[in-house]
Amino acid sequence: MQYTTLGRTGLKVSVAGLGGGGSSRLGIGRGGKAHASNMVRAALDLGINLIDNARGYGTEEAVGDALFGIPRDTYLLTTKHLTIVDGKTLTPDEFVAGFNQSLRELRTDYVDVFYIHGLNLARWDHAINDVLPVLLREKEKGKFR
């Protein structure tokens, strides 16, 4: 596997990553959570060290199971959360609660990269003015880099 540096972070990342979304969602629909966990482990065995998730993908628990017991410094973990769920704009506290649920399902204390998912111009002000300040407090707690 080839590796590169992720932007200005200094993090060494595989040039190929494993995404938990898309239509297959790590194969959960076909083989269940255990199958999805096996997909993650197979990717790690191939040298892939970047595992991407999102709250909305429904794969965080399977990824957390797959990564349990694997040294945390051997992979990079990302996740993301929408600012609107089921047509409702989340309050900053609801947004952070979703992030904390992601950490529990991923079975980790932190993610390497956290994204505001699906952000568009209509949601920009809410994300920057309301959600981001609360997220930065979570970053100060060490919950994401």
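Scope of this entry: the structure provided in the associated data block. (Residues numbered from 1 in each chain as written. Predicted model: local features only at pLDDT ≥ 70, side-chain atom pairs only at ≥ 80, totals over all residues. Heavy atoms only, no water.)

### A word on the pattern of salt bridges
Stage number 1. By the definition in use, this model includes 11 salt bridges.
Stage number 2. The closest approach of N and O atoms between Asp65 and Lys33, which form a salt bridge, is 3.3 Å. On the criterion of sequence distance, the pair formed by Asp65 in helix H2 (residues 60-67) and Lys33 in helix H1 (residues 28-45) is long-range, its members being 32 residues apart.
Stage number 3. Given the relative accessible area of 23%, Asp65 is considered partly exposed.
Stage number 4. A salt bridge links Arg72 to Asp112; the shortest N-O distance between them is 3.0 Å. With Arg72 in the loop between H2 and strand S5 (76-82) and Asp112 in the loop between helix H3 (92-106) and strand S8 (113-117), the pair connects residues that are 40 residues apart, well separated along the chain.
Stage number 5. Note on Asp112: relative accessible area 2%, which makes it buried. (Salt bridge = Lys/Arg side-chain N within 4 Å of Asp/Glu carboxyl O. Helix = DSSP H or I, 4+ residues; strand = E, 2+ residues; numbered from the N terminus. Buried < 20%, exposed > 50% of the residue type's maximum accessible area, 1.4 Å probe, protein only.)

### Re the side chain of Asp112
Stage number 1. For Asp112, the side chain forms a polar contact with the side chain of Arg72, separated by 3.0 Å.
Stage number 2. At a separation of 2.6 Å, a polar atom in the side chain of Asp112 contacts the side chain of Arg145.
Stage number 3. Here Asp112 is in contact with Leu11, Arg72, Tyr75, Leu76, Leu77 and Arg145, once residues within four sequence places are set aside. (Polar contact = N/O pair within 3.5 Å; in protein donor to acceptor, adjacent residues only side chain to side chain. Contact = heavy atoms within 4.5 Å.)

### What about the nonpolar core?
Stage number 1. With 25 residues, the main nonpolar core has Val40, Val63, Leu77 and Val111 as its most contacted residues.
Stage number 2. If you list the elements that add at least two residues to this core, you get H1, H2, H3 and helix H4 (121-140).
Stage number 3. The greatest single-element share of this core, amounting to 5 residues, is contributed by H1.
Stage number 4. Not counting chain neighbours up to four residues away, the residues in contact with Val111 comprise Arg72, Leu77, Thr79, Phe99, Leu103, Leu106, Lys143, Phe144 and Arg145. (Core = buried A, V, L, I, M, F, W, Y, C linked by side-chain atoms within 4.5 Å.)

### So, the packing of aromatic side chains
To describe a pair of aromatic rings, one takes the distance between the centres and the angle between the planes.
Stage number 1. All chains considered together, the criterion is met by 4 aromatic pairs.
Stage number 2. Each ring, one from Phe99 and one from Phe144, has its centre 5.9 Å from the other, and the planes form 85°; the classification is edge-to-face. Highlighted residues: Phe99 in helix H3 and Phe144 in the segment after H4, separated in sequence by 45 residues. Taken individually, Phe99 and Phe144 each receive the classification buried, so the pair is uniform in this respect.
Stage number 3. When the centroid spacing of 5.8 Å and the interplanar angle of 40° are considered together, the rings of Phe114 and Phe144 count as tilted. Taken as a pair, Phe114 in strand S8 and Phe144 in the segment after H4 lie far apart in primary sequence, 30 residues in all.
Stage number 4. Overall, Phe114 belongs to the buried group, its relative accessible area being 11%.
Stage number 5. Given the relative accessible area of 12%, Phe144 is considered buried.
Stage number 6. Lying over the aromatic face of Tyr3, Lys12 brings its terminal NZ or CZ to 4.7 Å of the ring centre. (Phe/Tyr/Trp six-rings, centres within 6.5 Å; stacked < 30°, edge-to-face > 60°. Lys NZ or Arg CZ within 6 Å of the ring centre and 35° of its normal.)

### Structural notes on the sheet that holds strand S4 (residues 50-52)
Stage number 1. With parallel pairing, the 4 strands of this open sheet are ordered in space as S3-S4-S5-S8. The open sheet is flanked by strand S3 (18-19) and S8, the only strands paired with a single partner.
Stage number 2. Contacting S5 and S8, H3 crosses the sheet at an angle of about 145° to S5. (Pairing = 2+ DSSP bridges. Axes fitted to C-alpha atoms, helices over the stretch in contact; angles between N-to-C directions.)

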